[in-house]
Amino acid sequence: MKSHYVRKLAAVLPALVLVCAGAVLLSQKVNAAGGGSITGTVKLSGTAPHMKGIDMSKDPVCSKAHDTNPAKMENVLVGSGDGLENVVLYISQGLTGNEAPSSQEPTFAQKGCMYTPHVLALNVDQKFKVTTEDQTTHNIHPLPDPTAGNIGWNKSQPPAAPPIETSWKNQEVAIPVKCNIHPWMHGWFVVVKGPYATTDDKGSYTIQNVPAGSYTVTAWQEDLGTQTAKVTVAAGSAAKADFTFKGK
Amino acid sequence: MHDTSTHAAAHHGPPTSFIRKHVFSLDHKVIGKQYYGLGLVAVIIGMVLSWVMRIHLAWTAYPIPGLHLLSGTGAPGNVMTPEFYLQVMTMHATFMVFFVLTVVPFAAFGNFFLPIHTGAEDMPFPHFNMMSFWTTFVAFCVMLLSFFVGDGPTLGGWTQYAPLSAVGAVAGPGQGSGVIIWATSIAIFCVGQLFGALNFIPNVLDLRCKGMSMWRLPMPTWAWFITSCMGLTSFSVLMPACILLILDHVAGTSFFVASNLVINDQLQPHSGGSTLLWQHLFWFFGHPEVYIAIVPGMGIVSHVLITNMRKPMLSHRVLVYSMGALAVLSYMVYGHHMFVSGMNPFSSLVFSFPTLLITIPSTVIVLVWIGSLYGAKLRINAASLFALGFISMFITGGVSGFFLAQPSIQILLHATYFVVAHFHFTMAIAALFGIFSGTYFWFPKMWGRMMNDNLGKLHFWLTFIGVYAIFMPMHYLGLAGNVRRYQAFVVDYMQPLVGVHQFITIAALFTGAVQLIFIYNFIHSRFWGEPAPENPWQGTSLEWSVPSPPPHDNFGGKHPVVYHDPYQYGVQSSTGDYLMQDSPEQVKGAQDEP
Amino acid sequence: MAKLLAVTIVVIAILSAIPIIRNTWHPLPDVSAHGQAIDDQLSETMWEAGISFLASQIILAWFIWRYSGNRPGEKTKTFPGGATGLVAAAVILVGVEVFALGIFGVKAWANIYFTPPGADAMPVQVQAGQFAFYFRYTGPDGTFGAIHPEMLSEANQNFYGIDTDHDSDAKDDIVTAEMAVPVNREIRLLMHSKDVSHSFYVPALRIHQDFVPGLDLQIHFTATKVGRYEIVCSQLCGLGHYNMKAYLSVLSQDDFDAWLKKQAALQ
Ligand code: HEM
Ligand SMILES: [Cu+2]
Ligand SMILES: [Cu+2]
């Protein structure tokens, strides 16, 4: 009885080892050699919506921080060459489903009673830090959609308080976050699976580490909505996808 | 006169098992002590919470070790967050108002002494009485639980104004599960107190022993009787109000939430409710509640003073009528909490007159106390010192009521620290002094041992000076416009006041530390104090005619018979300068209304 | 020890009264047209309450001093006149004093609440929300645009939920985070809460009124002195309650016009 058992095991084990090794090899291949990317720019056509100034006179700590450069809304930020800043690009179709979350730990900072960055893209389960540099207390109040499975929270951070470290459990595009003490403060968490990127002030972006394959890329802008494009990424090379949002 | 010497009280023999004796006891005396213990735990919690608040108010960025363990949303670096301040404040007030000020002077002392004062061998419904305590205990545990559930207790203050309290978690930390737990606990608490009142009232009406007419009831029993009537009518309003509040959370109703509210840019799914409805319901309970807290204290203080002055009050009846007037008026004045709350401004004026009127019975009570001191032979001991302190506190608190009774002045003082000073003097500290006075006075009867009087006096002196140092300056803060329920003072005109807050905090920490003397004295005397004689203060009412502590059925199988008014002092009897209520002796000069 | 208590009570009473007599802490100086009546009422009450306070504490202390201790041979005595005298004293002294206060107080109250604003009072709307005030001026058309709660968005700085694209009344509305009013001009303040209860407390202006969600209230006042004052919230409204405030600038008419123009440009 015992020997029978051992024999069976002896047969199964090498097979198992082989399969594992194969899997490891394959995945390495995907990651290293297949480190393709998707790159491009996101632009705005037509007139940019008017971004109102923010009056922070309620809290002198805030208004002092903007003595020299008055604060403005950041919903639609247009940079040089009509590039749209803070657009999040992510792969909405074509993922295998076992992408590991990014291991970076980005910071969502409160500075001058504004959020930096205004939009923070994240992977599911990716840790991030909320920090404050202001001499006034903020409350950080993300408001996920209750049906998406993420749980909202609401915590204050007094001046010089240690960072709040947390993550999101479910994909959600996008979670608004606000400060109630300073009602003008608002930003976004964009929680996706797989590789993603956020546009810079010229509107350009690069999604790194995209395995070879065909994908649908979605560009998300908080006020202007989403656009998609189909791309095919070849191993080791950069696919291109440009987007143009229409101003209202 | 009522002849109930046949004893209608549910008769039950002495219990034999430990559980029946000490846990689920039917004996009103054990229940009274259980209530006292609960109050003691609650007052310690409440006081520690007040320290945390005070430290934060004076030194806003100062870390308080261990704070993060208590906070549902975290106290980063042990520094208090705004929501946690408000949660602590709400819990401080809730524990103090409900589980200390209602529980101790009324439920604890009342349970122990009311049946003895009436000459009954127990409450009329001992099972209800037992349930009254255990229901209250459950309410207490539920309230404690809120520290550990979700993002912590509610931050809405003990008044729980809607719609902040009714819209749910969108409105802030603790406003979801925290409010539900709070309202549940309070609703349970109301049930417990209703059980209590339903025992007290029939006991006074139906279980008085032979010879015990209503006017022969001692002052505290009158006070508890009046308080029970208030409890019956006010807790029975609060309980449904809490249930409606819970329904707004869980059943999608909108009793207290108006249409078209927008929170966090989200339109709230409520319509048609009334914001002011909650305030009316709450204060219809809330104002009588502050009298529920203070009237038993008045009774206790009168009792203690009479015994220590060696003479009766100028008029027993005037005191009783005045307390009754307070009780009746307390339902008509509740609108003075709402002068600027958006009620029709004409109603504010209407409510201001009964409010001014209520100063008359209050003044009568104070004047009768002071007038009675005239010609006394006042004994100074811990109990009488606290009773005198009570009068001083009550005067101070009452005088600030002159201001708050006037709508026009409330334009300046509403919701400022002036109000905090006012209610701490009248309701909180005065009632606390009543509790201390009662404790030093009745401890020998309740636990059969004497307390250390010198430690008691020391406790009095430091506490008396301490509480004036804490609360007197709050009047000045209020005059200067310092708004209450602020966790930090970032408003420009309030910043210069921080120094005053620091002074108050030091005084509060000092006063709090002083309470350790009391706790030490209490525990030490409980176990190692000198055995108490039957009548250590040469009192006259029935509790002093039975052993310390009294036997299971209070009177050892005898049926007491009463021959006199409760307070026959300053007479020449065979026992000395007093005549016990149950002494058949007739002496000259006794004022004895049949 | 009784004597010590008597002395302590008197000392505490006097120490408590000193800051009041020296006016160390006092309400902010009044800058409103109606505030004098309130201040008079306050000082009237302060006198009467102060005297009652000192008198009762001192009499209490005196009796404690005088009537403590077991004085052998002496019998206990009753206050001359007994309870009846004291009840009469309470009813007459306190009753009259307090009712006089009450009746005079009505005037100060009626001043604010029972007189309608003048027809030419300038309308300003204030909206309270967690945890800031926002103010609204009508602009040249003299009317406020309708509020659409579903359009309200702090994220888009549409604090009132007005439809500037389609509603011509709303187009010229000016929404500000700071309040400014011309000096000596009557203001009709329309109070609206977007979420929970708040309060509009301006100690310098002797104004204090809660916001009632679902019920828009109206008060009116005239500021009489140029300066910068603070509006604070005094009704517990959530975690940011302590920081719910705004500045109120009382400006000369010219400065006010310039200010309003500047704000209009920022819309
Ligand atoms: C050493 C004793 C005490 C200290 C230092 C203390 C201190 C405080 C403080 C700092 C606040 C908050 C004020 C604010 O932020 O507006 C407060 C509120 C309160 N306290 Fe006390 N307290 C004491 C005893 C008591 C007692 C014995 C009671 C019993 C009734 C009590 C009842 C309350 C109530 C009802 C509130 C109002 C809370 C609210 O606004 O909802 N306090 N106390
Ligand atoms: Cu903030
Ligand atoms: Cu507020």
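Residues numbered from 1 in each chain as written. Chains lettered and ligands numbered in written order. Predicted model: local features only at pLDDT ≥ 70, side-chain atom pairs only at ≥ 80, totals over all residues. Heavy atoms only, no water.

**Notes on the domain arrangement of chain C**
Residue and element names in this part refer to chain C. Test applied: The split into domains, and so the bounds of each, comes from an automatic or database assignment of domains. Contacts are residue-level and defined by heavy atoms, with any inter-residue pair within 4.5 Å sufficient. In short, buried area is how much 1.4 Å probe accessible area vanishes from two parts on joining, totalled over both. Any Lys or Arg side-chain nitrogen found within 4 Å of a carboxyl oxygen on Asp or Glu counts as a salt bridge. Identification of polar contacts relies on pairs of N or O atoms within 3.5 Å, with a donor-acceptor requirement for protein atoms, meaning one able to donate a hydrogen and the other able to accept it, and with residues adjacent in sequence counted only if both atoms are side-chain atoms. Here a helix means four or more residues in a row that DSSP labels H or I, a strand means two or more in a row labelled E, and each is numbered from the N terminus. Residue polarity follows a fixed list, in which Ala, Val, Leu, Ile, Met, Phe, Trp, Tyr, Cys and Pro are nonpolar, Asp, Glu, Lys and Arg are charged, and the others, Gly among them, are polar.
For chain C, the assigned domains read domain 1 (2–114) and domain 2 (122–265). On a C-alpha basis, the centroid separation for the pair domain 1 and domain 2 is 41 Å. Between domain 1 and domain 2, the residue contacts involve 14 residues of the former and 15 residues of the latter. Summed over both partners, the interface of domain 1 with domain 2 buries about 1100 Å², with 55% contributed by carbon and sulfur atoms. Summed over the three residues of domain 1 that lose the most area to domain 2, namely Leu28, Val31 and Tyr113, the buried surface amounts to 48% of that side. At the junction of domain 1 and domain 2, the tally comes to one salt bridge. With a closest N to O distance of 2.7 Å, Arg206 and Asp39 form a salt bridge. Remark: the boundary between domain 1 and domain 2 carries 11 residue pairs in polar contact (both at pLDDT 80 or more). If you list the elements that add at least two residues to the side of domain 1 that touches domain 2, you get helix H2 (35–66) and helix H3 (82–113). Of the residues contributing to the side of domain 1 that touches domain 2, the split by class is eight nonpolar, four polar and two charged.

**A short note on the sheet that holds strand S11 (residues 186–192) of chain A**
Residues and elements named next belong to chain A. Under the convention used in this document: At least two bridges found by DSSP between two strands are what make those strands a pair. For helices, the axis comes from a line fit to the C-alpha atoms of the stretch in contact; other axes are also lines fit to C-alpha atoms, and the angle between any two N-to-C directions lies between 0 and 180 degrees.
Taken together, the five strands give an open sheet; going across it, the order is S5-S11-S10-S7-S8, and neighbouring strands pair in mixed fashion. Edge strands, defined here as strands with exactly one partner in the open sheet, are strand S5 (119–123) and strand S8 (155–157). The sheet shows a mean angle of 25° between the axes of neighbouring strands, direction not considered. Here strand S7 (residues 138–142) runs beside strand S10 (residues 172–178); their pairing, made up of two bridges, is antiparallel. Across the sheet, the residue bridging to Pro142 is Val177, located in S10.

**Remarks on the coordination of the copper ion (ligand 2)**
Residue and element names in this part refer to chain A. Note the cut-off: The rule for donors is simple: an N, O or S atom within 2.8 Å of the metal counts, and for Na, K and Ca the reach is 3.2 Å. Water is not among the atoms, so a site may look short of donors. Partly exposed residues are those whose accessible area sits between 20% and 50% of the maximum for their type, while under 20% is buried and over 50% is exposed, using a 1.4 Å probe and protein chains only.
Protein coordination of the copper ion (ligand 2) is provided by His138 (ND1), Cys179 (SG) and His182 (ND1), with donor distances spanning 1.9 to 2.2 Å. Of note, the copper ion (ligand 2) draws all its donor residues from one chain, in the sequence arrangement H-x40-C-x2-H. Here His138 is found in strand S7, whereas its partner His182 is found in the loop between S10 and S11, with 44 residues between them in sequence. His138 gets classed as buried once you look at its relative accessible area, which sits at 0%. Residue classification places His182 among the buried positions, given a relative accessible area of 0%.

**Here's the deal with the sheet that holds strand S15 (residues 225–233) of chain A**
All names here are of chain A. The four strands are arranged S12-S2-S14-S15 in an open sheet whose pairing can be described as antiparallel. On the outer flanks of this sheet lie strand S12 (196–198) and S15, each paired with one strand and no other. Put simply, the sheet's adjacent strands are angled 30° from each other on average, direction ignored. Judged from the nine bridges that link them, strand S14 (residues 213–221) and S15 form a sheet pairing that is antiparallel. Each residue of the ladder has a partner; that of Ala219, found in S15, is Gln227.

**With respect to the site of ligand 1**
All names here are of chain B. Note the following rule: In these notes, residues near a molecule or strand are those with any non-hydrogen atom within 4 Å of it.
The full set close to ligand 1 counts 22 residues, and Tyr85, His92, His424, Arg484 and Arg485 are the nearest of them. The side chain of Tyr85 places a nitrogen or oxygen atom 2.7 Å from an oxygen atom of ligand 1. Elements that contribute at least two residues to the shell around ligand 1 include exactly helix H2 (28–58), helix H3 (82–118) and helix H12 (417–447). Element by element, the count of residues in the shell around ligand 1 is highest for H3, at seven residues. Its residues assigned to classes, the shell around ligand 1 comprises 15 nonpolar, four polar and three charged.

**Points about the interface of chain C and chain B**
Taken together, the contacts link 101 residues of chain C with 98 residues of chain B. Buried area between chain C and chain B, summed over both chains or domains, comes out near 8700 Å², and the portion from carbon and sulfur atoms is 74%. Our count for the contact surface shared by chain C and chain B stands at zero salt bridges. In this structure, the connection of chain C to chain B is made through 28 residue pairs in polar contact (both at pLDDT 80 or more). Elements with a contribution of two residues or more to the side of chain C that touches chain B: helix H1 (2–21), H2, H3, strand S7 (207–211), strand S9 (227–232) and strand S10 (245–251) of chain C. In terms of residue count, H3(C) provides more of the side of chain C that touches chain B than any other element does, 20 residues in total. When its residues are assigned to classes, the side of chain C that touches chain B shows 59 nonpolar, 28 polar and 14 charged.

**Comments concerning helix H7 (residues 275–309) of chain B**
Along an α-helix, residues three or four apart share an orientation, since each turn contains 3.6 residues. All names here are of chain B. Selection criterion: Take the residue count of a helix, subtract one, and multiply by 1.5 Å to get its expected span.
Its 35 residues place the ends of H7 51 Å apart at the C-alpha level, agreeing with the 51 Å of an ideal helix rising 1.5 Å per residue. Of all 35 residues in H7, 31 are buried; the element is thus mostly enclosed. One side-chain oxygen at the N-terminal end of H7 lies 3.3 Å from the backbone nitrogen of Leu276; it belongs to Ser274. Downstream of H7 by a residue or two, Arg310 has a phi angle that is positive, lying close to 60°.

**Overview of the layout of surface pockets**
Spelled out, the test is: Two kinds of site are reported from a 1 Å grid over the protein atoms alone, namely cavities, where a 1.4 Å probe fits but cannot get out, and pockets, open sets with protein on both sides within 12 Å along at least five of seven lines, and residues are called lining when an atom falls within 4 Å of a point. Grid points are joined across faces, edges and corners, and a volume is the space filled by probe spheres set on the points.
In this structure, the second largest pocket spans a volume of roughly 1300 Å³. When residues of the lining of the second largest pocket are traced back to their parent elements, those giving at least two are helix H2 (60–65) of chain A together with strand S3 (174–176) and helix H5 (253–265) of chain C. Broken down by element, the lining of the second largest pocket gets its largest block of residues, four residues, from H5(C).

**Concerning the packing of aromatic side chains**
Operational definition: Classification of ring pairs rests on two measures: the distance between centres of Phe, Tyr or Trp rings, Trp counted by its six-membered ring, which must be within 6.5 Å, and the angle between planes, read as stacked under 30 degrees, edge-to-face over 60 and tilted in between. When the NZ atom of lysine or the CZ atom of arginine is within 6 Å of a ring's centre and also within 35 degrees of its normal, the charge is said to sit over that ring.
As enumerated under the stated definition, the model contains 85 aromatic pairs over all chains in all. With a centroid separation of 5.4 Å and 85° between ring planes, the pair formed by B:Tyr374 and C:Phe79 is classed as edge-to-face. Within this pair, whereas B:Tyr374 is found in the loop between helix H9 (345–373) and helix H10 (382–404), its partner C:Phe79 is found in the loop between H2 and H3, the two belonging to separate chains. Given a relative accessible area of 19%, B:Tyr374 falls into the buried group. Taking 5.4 Å as the distance between ring centres and 80° as the angle between the ring planes, the aromatic pair formed by B:Phe464 and B:Tyr468 counts as edge-to-face. Of this pair, B:Phe464 and B:Tyr468 both sit in helix H13 (residues 453–479), four residues apart, roughly one helical turn. When its relative accessible area of 5% is taken as the criterion, B:Tyr468 is described as buried. The ring of C:Tyr247 carries C:Arg228 above its face, with NZ or CZ at 3.9 Å from the centroid.

**Thoughts on the nonpolar core**
For the record, the criterion: The nonpolar core is taken to be a set of buried Ala, Val, Leu, Ile, Met, Phe, Trp, Tyr and Cys residues, with the residues joined through side-chain atoms within 4.5 Å.
Residues A:Phe189, B:Phe109, B:Trp369, C:Phe133, C:Tyr137, C:Met179 and C:Phe200 are the most contacted members of the largest nonpolar core, which totals 317 residues. Not counting residues up to four positions away in its chain, the partners in contact with C:Met179 are C:Val124, C:Phe135, C:Tyr137, C:Leu189, C:Phe200, C:Phe221, C:Ile231, C:Tyr247, C:Leu248 and C:Ser249. Grouped together as the second largest cluster of nonpolar side chains are 25 residues, A:Ile38, A:Leu89, A:Ile91 and A:Ala197 included.

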